[in-house]
Amino acid sequence: FVSRSSARSIHIQKESKEWHNVSKPKVYSSDDERDWLEKTTEKLLHKVPRGGLNQVMLREVHNIMGVWVKKECSESADMVEALLQRVIAENEAGNDRVKATLSMYVMAIEAWGTSGVDRAGRKAEEILWKLDEAFCNGVIEDTTSINMSYALVTHALLKNEGAESFERARGVLDRIKYLQQSSNNTLIPETVTLNAELNLLSKSGKEKCSQRAVQILEEMMKANNATIMSINLVL
């Protein structure tokens, strides 16, 4: 006699093994890798029924996203974002076995930030606000890359000139500062956040902002957390 729970466990193990065998790449050339990447992405996005992702598939989603991020183009950014949305949709479908991780959000933001297209900043910002909601609602509890996420979006927005991009970047920076101040020391200002602020101040074109940038850099140097990027943003 096999209990229902044991039968389900056997089914999941079989399903996981079959998925692993299908998705494991046998990469011999860049063309082989591309073919594997596209086919696996297609299966994850469209072949697995909604609500059907499991932990093995979630790891595969994470790995595939990491491969796409390295392509640094608009197509790869679209794919990374689509994979993130696929995992989010699982939760909406009531699948509590998987959930989008902080690293998945960061990869999606990074993918758009390095895509080189005009809408990169806006797309990265859209993903950030979804992360912001998940973080504030306790869905995302990991804080290791929260500062990095807001900094990446600030830099992405500032790549585009214009008052609107500047104001949107300032809104993103103001938000992470608020989270830091209200986090009971679970979020503290880091070099990435300070560099994002230096970038914002350097783009303002105002003397007062330039003076503030110099002050921040001096404080960073005293704390021994200034980087070459920090110095270049102020010079």
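Numbers given for residues are sequential positions, taken from 1 along each chain in its written order. With pLDDT at 70 or above as the cut-off, local features in this predicted model cover only qualifying residues; side-chain atom pairs require 80 or more to be listed or tallied, and sums for whole chains, interfaces and linings still use all residues. Working from all heavy atoms in the structure, the side-chain values ignore hydrogens and water.

Novice: Help me understand the overall build of the chain in this model?
Specialist: Only DSSP runs of H or I with at least four residues qualify as helices, and only runs of E with at least two residues qualify as strands; both kinds are numbered from the N terminus onward. Secondary structure summary: the chain contains 11 helices and 0 strands in total. Put simply, the chain runs from its N terminus to its C terminus through helices and strands in the order α-α-α-α-α-α-α-α-α-α-α. Relative accessibility under 20% of the residue-type maximum defines a buried residue, over 50% an exposed one, and the middle range a partly exposed one, all with a 1.4 Å probe and only protein chains included. Counting the 235 residues in the chain, one finds 42% classified as buried. Per-residue and other accessible areas follow the Shrake-Rupley method at a 1.4 Å probe size, with only the shown protein chains counted as cover for residues. Taken as a whole, the chain presents about 13,300 Å² of accessible surface, with 51% of it coming from carbon and sulfur.

Novice: Would you mind showing me how to read the packing of helix α5 (residues 102-113) against helix α6 (residues 120-136) here?
Specialist: Working note: a packed helix pair is described by the angle between its axes plus the distance between those axes. As a rule, the C-alpha atoms of each element are fitted with a line to give its axis, helices using only the stretch in contact, and angles between N-to-C directions run from 0 to 180 degrees. The geometry of α5 relative to α6 is characterised by a closest axis approach of 8 Å and an angle of 165 degrees between their N-to-C directions. Taken as axis vectors, α5 and α6 run roughly antiparallel relative to one another. Both α5 and α6 take part in a crossing whose hand is left-handed. Where α5 abuts α6, its residues Leu 102, Tyr 105, Ala 108, Ile 109 and Trp 112 lie against Ala 120, Lys 123, Ala 124, Ile 127, Leu 128, Lys 130, Leu 131 and Ala 134. Grouping the constituent residues of the contact of α5 with α6 by class yields 11 nonpolar, no polar and 2 charged. Angular relationships are summarised with four words: roughly parallel below 35 degrees, roughly antiparallel beyond 145, roughly perpendicular across 65 to 115, and oblique for the angles in between. Crossing handedness: left-handed means the near helix sits turned counterclockwise from the far one by under a right angle, and right-handed means the same turn made clockwise. Whether two residues touch is decided by their heavy atoms; if any such pair falls within 4.5 Å, the residues are in contact. Polar here means any residue outside two lists: the nonpolar Ala, Val, Leu, Ile, Met, Phe, Trp, Tyr, Cys and Pro, and the charged Asp, Glu, Lys and Arg; Gly therefore counts as polar.

Novice: What is the right way to look at the side chain of Asn 195 in this model?
Specialist: Residue position: Asn 195 is located in helix α9 (residues 191-204). What makes Asn 195 buried here is its relative accessible area of 5%. With near-sequence residues (within four places) excluded, Asn 195 lies in contact with His 155, Met 220, Thr 227, Met 229, Ser 230 and Leu 233.

Novice: Which parts of the structure should I look at to understand the nonpolar core?
Specialist: Across soluble globular proteins, you tend to see nonpolar side chains buried next to one another. Take the buried residues of types Ala, Val, Leu, Ile, Met, Phe, Trp, Tyr and Cys, join any two whose side-chain atoms come within 4.5 Å, and each joined set is a nonpolar core. Of all hydrophobic cores here, the largest spans 53 residues; its most connected members are Met 65, Val 80, Leu 83, Leu 84, Tyr 105, Leu 131 and Ile 146. Elements with a contribution of two residues or more to this core: α2 (30-47), α3 (55-69), α4 (74-92), α5, α6, α7 (146-158), α8 (163-181) and α9. The element contributing the most residues to this core is α5, with 9 residues. Core analysis: the next-biggest nonpolar cluster, separate from the first, contains 8 residues, Leu 198, Leu 201, Cys 209 and Leu 233 among them.

Novice: Mind showing me how you'd approach the pattern of salt bridges here?
Specialist: Pairing between side chains of opposite charge can happen when their charged atoms approach one another. When a carboxyl oxygen of Asp or Glu lies within 4 Å of a side-chain nitrogen of Lys or Arg, that pair is called a salt bridge. Taken as a whole and judged by the stated rule, the model has 15 salt bridges. For Glu 92, the salt bridge goes to Arg 50, with nearest N and O atoms at 3.4 Å. Note that Glu 92 is positioned in helix α4 and Arg 50 in the loop between α2 and α3, a separation of 42 residues in sequence. Since its relative accessible area comes to 59%, Glu 92 is described here as exposed. The exposure class of Arg 50 is exposed, given its relative accessible area of 56%. Overlapping salt bridges bring together Arg 122, Glu 125, Glu 164 and Arg 168 as one network.

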